[in-house]
Every structure is written in structure tokens, then in C-alpha cells.
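Chain and residue survey
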Amino acid sequence: MIATHEDTICAIATSQGGAIGMIRVSGPHAIAYTSSIFCPSKAGKLLEDCKAYSQTYGNIVDVDGSIVDEVLVSLYRAPHSYTGEDSTEISCHGSAYILQRILQLLMGQGCRLAKPGEYTQRAFLNGKMDLSQAEAVADLIASTSSANHRLAMNQMRGGFSQKLTELRDELLKFTALIELELDFSDHEDIEFADRSELRQLLNHIEQVIAHLVESFHVGNAIKNGVPVAIIGETNAGKSTLLNALLGEERAIVSEISGTTRDVIEDTINIQGITFRFIDTAGIRQTTDAIETMGIERTFQKIDQASIILWLLDASCADRQFSDLQAQILPHCKDKQLILVYNKEDLSANLPIPPSSCQHIAISAKKGTHLDELQALLVENAHLPAITQADVIVTNARHHEALTHALDAIHRVQQGMDMGISGDFLAQDIRECIHHISDIVGEVTTDDTLQFIFSHFCVGK
């Protein structure tokens, strides 16, 4: 176990504006520093005499002896705490003044303010969780859908780590046997690592890692939202539709063509699925340099989206489709394309769409048939039902490491087909183990840790 930090840290762990606030203190002097500003009730014990997992009622006392607030102090003793260190949690009223004053009193005793993610970083450094579990804490806090919550809970509880540990242990066994063969290289007939068994293992691991790599498409959509690009000619009603779906005036709506010059993105949860809507610049011929850049970004967003909502003015949908199909359809291969006839009240005879396209008629301005459009989006998201037992990659760092691990496995498989020597096989197997170990933090650099934990909130 890595030694704990010498500093004792403190931070507010609750959001502002609530009725109750909470301050976390962690480190070698957490109990002593908290005790120095805390006066237990007549029936209560001094914090130093309290057992772990106990709560004590009393007052936080200012330097002049006045009472700052009535509080409840929870006490945890190392190593049985979130960080693995001695810790206290001070629950008080949610007043910003009270919270700040308690922090000032703690810092007067010797605490320092915690850095973003420092509590979870200490938990990782003290062996309370591996790095992938630590990253899942941030995902859990940021979860905005039931599916995202379930995946984060599974990863935080070690489901992902367990799968990686199983793969790594199997590879380590064969690496050790192959390297043992190298010690007896003078005896060419000695073979400790059964090659047929190794090939079966490689095929199994290749399938597992490939599945995890492929799962990132679903995991990324669950975590960051299914990307939906709203495209079409200028003044087709794209910004009006975005505002109607979000229920707020997120984009500027104007009768002037070309109002939207850049992409506008926002998310909404529909039936437990997060969608990331992208309002794009209207597609048309223009000599305006800024608008041209916006249209170029429109096609970039089409390429990045999973679902395309092509908005057509119902009164001239045939012309709009005919004018733009050569530009748009090539970008929609392997994507879900939905033709949305807007301003349905302006045309009694809507054109018949191509057989390959789903379609729906709405009025973005009046908000009619938006429920049907949302149902169509859920249908086209094609996200599987997620349980807490599912292992799905949602982290881009994990995806990159697994991709490198998969490349290494492919090299081992190719090397066996070519009959190369065991030392080269062992080298590629070790590289695969390295990338798997990087995910759980066994070979991670300080720079990587700093980057990961700097994105946490201060109180976690």
C-alpha cells in the first residue's frame, strides 16, 4: 500500500443552496483538527475517544468561544474510510457563511483546502480502489440517465476491473512460461507453454477485448448522449425545433436566412436515454465566408452524428430534397436518417420520401407531433437494455488502451502463425499486459493521474 499524504485536507462536499451542508476532513490529523473546533454535547464524548463509524452531536465553536453552528460529526478511522485515512464529516446548516467559517477554523488549525478530486486520488493511492473505479466515481456524479448510472455503478464496484484482471492473469501465466523456455534455450525441444493452449487463450482474449472496444460506441452514446444532427436548408426551422425539443430558447430564431452560423449543442433525456442535439448552419450556396465555415462544420457534425434529422419545409420539400440529396445522402451511410417535414400545416399533400428513409410530419413552431418524433428518436438510438452487470466501455482513455492491447494480441496471433521465437511473442504479450494494467492504474504516470483527478469536483 502506498503511504498516505502528510497533509490534512478539508473541503465542502455539498452543492450550494441546500438546507444541509457537509465538510469533509481527511488526513493524519483529521480527528484532532476537527476536535479542536468542536464541543460535544453534555452526553457526547470527545472525538478522540469515539469509535469508528460513530456520530457525535455538538457545536462548532469560534475562536472567541461563540457558537458557529450546531453540527453532527461522523468519524472514520484509517484504513476503514473512503480515502483510507482518518476522516471526519461535519454536517451543518447549508448557510454559505457557516460553511466558509468552519473551513476557516479548520485551516487555522493546520488543514489546507483540498484540490479537485484529491479525496478520490487518496483513495486510489491508498489502495481503496483502482484507477478505473476512481474514474467511475466522477462518471457516477455526472450521470444524467439511468443507463449511465448503472454502468458507472458497475465500474465503481469493480466489474470492469475484475474482467481486466482475469485477462491479465491469464496472459501473465503464459508470459512466465514462455520466458522460462528462454532460460532453457539450449534445449530446443523444451516447451513449457503449450502453443495450442496459448492460441486458444489468445483467441478468447482477442474476442473479449474486441467486444470491449466495440462496446465504446454504445458506452460513449450512453455517457455523452446519442449525437443527433439537425440539418437542412436555411429557415427550415432547425433552431425552432431545437428550442422545442429542449423546452427553452437555446438557439436564436429569426426570419433572416443564415442566422445560425455555428453549431449549437445541448442535451435532453428522453425515456432514460440522453440525446445530444446539434443545431447546424443551414445548407445553401453562399459567398459569406463566415457562413461558409458554418456549413463546412455542418457536414463535419453529420459525419460525427448517429442520427440525422433532415428538416424539410413541407411546402417545398420535394425541391429541398432534390437540391440537397447529392450533398447529404453520401454522408448518411450507416446512420439513421429521419426526414422531418416541418410546417405540416402549410401543405396538405406531403411528398413521398425515399423507401430507405423514415419520415414524420411536425410543426416545430406549434409543437405538434413532437412526442412522436421523440419516440422515433428512441427507436433509432438502438441502445441495448443496460444492467449493472454489463461491462461496457464508456471512457475514452480506456478505449484507447484497449485498442492498443488488441493490436498487441493481433501481433502475437500473427507471430504464432509465422512461427516466430518465444522472446518476440513474450514482448508483444507484455505490451498487451502493459496496456491492460494502465487502465487500472498499475503503470500510470503522475501526469495521467493529475489530468484525471483535476476534472473531479473539489469535495470528491
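Up top you'll find the structure we're talking about.
Residues numbered from 1 in each chain as written. Predicted model: local features only at pLDDT ≥ 70, side-chain atom pairs only at ≥ 80, totals over all residues. Heavy atoms only, no water.

**With respect to the overall build of the protein chain**
Scanning the protein chain for helices and strands turns up 14 helices and 13 strands. Summed over all atoms, the accessible surface of the protein chain reaches about 22400 Å², with 51% contributed by carbon and sulfur. (Helix = DSSP H or I, 4+ residues; strand = E, 2+ residues; numbered from the N terminus. Areas by Shrake-Rupley, 256 points an atom, 1.4 Å probe, with all protein chains shown as cover.)

**Some remarks on the sheet that holds strand 10 (residues 273-279)**
Taking strand neighbours across the sheet as the criterion, the six strands line up as 9-10-8-11-12-13 in an open arrangement whose pairing is mixed. Each having just a single partner strand, strand 9 (264-270) and strand 13 (358-361) make up the two edges of the open sheet. Each adjacent strand pair in this sheet contributes to an overall mean axis angle of 25 degrees, direction not counted. For strand 12 (residues 336-342) and strand 13, the ladder comprises four bridges, and the chain directions are parallel. Among the inter-strand pairings, leucine 339 is bridged to a residue of strand 13, identified as histidine 359. (Pairing = 2+ DSSP bridges. Axes fitted to C-alpha atoms, helices over the stretch in contact; angles between N-to-C directions.)

**Focus on the sheet that holds strand 5 (residues 67-76)**
Where strands meet in a sheet, backbone hydrogen bonds hold them as pairs that are either parallel or antiparallel. A sheet is described by the order of its strands in space; here seven strands give the open sequence 3-4-5-6-2-1-7, paired in mixed fashion. The open sheet has two edge strands, strand 3 (38-40) and strand 7 (112-113), and neither has a second partner. The sheet contacts of helix 3 (residues 118-125) involve strand 1 (9-12), strand 2 (20-26) and strand 7, and relative to strand 1 the element is tilted by about 135 degrees. (Contact = heavy atoms within 4.5 Å.)

**Some words on the packing of aromatic side chains**
What characterises a pair of aromatic rings is the spacing of the ring centres plus the angle enclosed by the ring planes. Considering all chains together, one arrives at three aromatic pairs under this definition. Between tryptophan 310 and phenylalanine 321, the aromatic rings sit 5.0 Å apart at their centres with planes inclined by 25 degrees, giving stacked as the arrangement. Taken together, the residues tryptophan 310 in strand 11 (residues 307-313) and phenylalanine 321 in helix 10 (residues 317-328) connect sequence positions 11 residues apart. According to the relative accessible area criterion, phenylalanine 321 is buried, its value standing at 14%. Over the ring of tyrosine 82 we find arginine 24; its NZ or CZ atom is 5.0 Å from the centre of that ring. For arginine 24, the ring lying beneath its charged end belongs to tyrosine 119, and the centroid distance is 5.0 Å. (Phe/Tyr/Trp six-rings, centres within 6.5 Å; stacked < 30°, edge-to-face > 60°. Buried < 20%, exposed > 50% of the residue type's maximum accessible area, 1.4 Å probe, protein only. Lys NZ or Arg CZ within 6 Å of the ring centre and 35° of its normal.)

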